[in-house]
Amino acid sequence: MSHAFQRGYQFLDEGGQYMGKMQFSTFGKKIQSELNGVVVNFKLQGVFIHKVLISDENEEELGNIQLRLFGKSTIYLNSGEVYFWKRKNIFNTRWQIIRDLPNTDDDPISIEYQYLYRFVQESGEIELLEESSQSELITLIGFFLGMYFVRQRRKQG
């Protein structure tokens, strides 16, 4: 992933080929993203944002995110699946998506993220640990959440 002008990110494969993007609007509360042809939009709700609506390219709702400060948020998909976003360190440079399995405490890690910031250049890695039919959706949600919290931390500064 690469970063330009503090608003947009590109997803590149290991060979540097374009896979998708995420675009944060400068003044609005809508974030547009795409990965491998799958389009996902995020819409921040309210003044003190605690909820994010997730929709597809036709604005059909796919689910929502309940934002929690202090490193953990819950993702509810309309398919019935539930995931947790969890920060792995206080610097917001590592995070993961964990799939909530009913009736067990042995929830698998689906995706791990690592974010690197060096002066004006940003990069990172996304490691898919669990394939699913919704891998692009889950990957984009996890990236959105990580970068949302990174951006919030910068604002507080």
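Structure's up top.
In this text, all values refer to a predicted model and were calculated from it rather than measured experimentally. (Residues numbered from 1 in each chain as written. Predicted model: local features only at pLDDT ≥ 70, side-chain atom pairs only at ≥ 80, totals over all residues. Heavy atoms only, no water.)

Draft legend 1. Highlighting the packing of aromatic side chains. Inspection of every chain in the model, using the stated rule, returns eleven aromatic pairs. On the basis of an interplanar angle of 40 degrees and a centroid distance of 6.5 Å, the ring pair of W95 and Y115 is categorised as tilted. Of this pair, W95 sits in strand β10 (residues 94–99) while Y115 sits in strand β11 (residues 109–118), and the two are 20 residues apart along the sequence. Take W95 and Y115: they sit in the same class, and that class is buried. Grouping aromatic residues by their ring pairs yields a cluster made of Y9, F11, F24, F42, W85, W95, Y113, Y115, F143, F144, Y148 and F149. The side chain of K72 reaches across the aromatic face of F84, ending 4.7 Å from its centre. (Phe/Tyr/Trp six-rings, centres within 6.5 Å; stacked < 30°, edge-to-face > 60°. Helix = DSSP H or I, 4+ residues; strand = E, 2+ residues; numbered from the N terminus. Buried < 20%, exposed > 50% of the residue type's maximum accessible area, 1.4 Å probe, protein only. Lys NZ or Arg CZ within 6 Å of the ring centre and 35° of its normal.)

Draft legend 2. Quick peek at a negative patch on the surface. A surface patch of like charges, here negative, comprises D13, E14, E125 and E127. Here E14 lies in the loop between β2 (8–12) and β3 (18–24). (Patch = residues over 30% accessible without salt bridge, like charges linked within 9 Å, V, L, I, M, F, W, Y side chains within 5 Å. Areas by Shrake-Rupley, 256 points an atom, 1.4 Å probe, with all protein chains shown as cover. Salt bridge = Lys/Arg side-chain N within 4 Å of Asp/Glu carboxyl O. Lys, Arg positive; Asp, Glu negative; His and termini not counted. Charge placed at Lys NZ, Arg CZ, Asp CG, Glu CD.)

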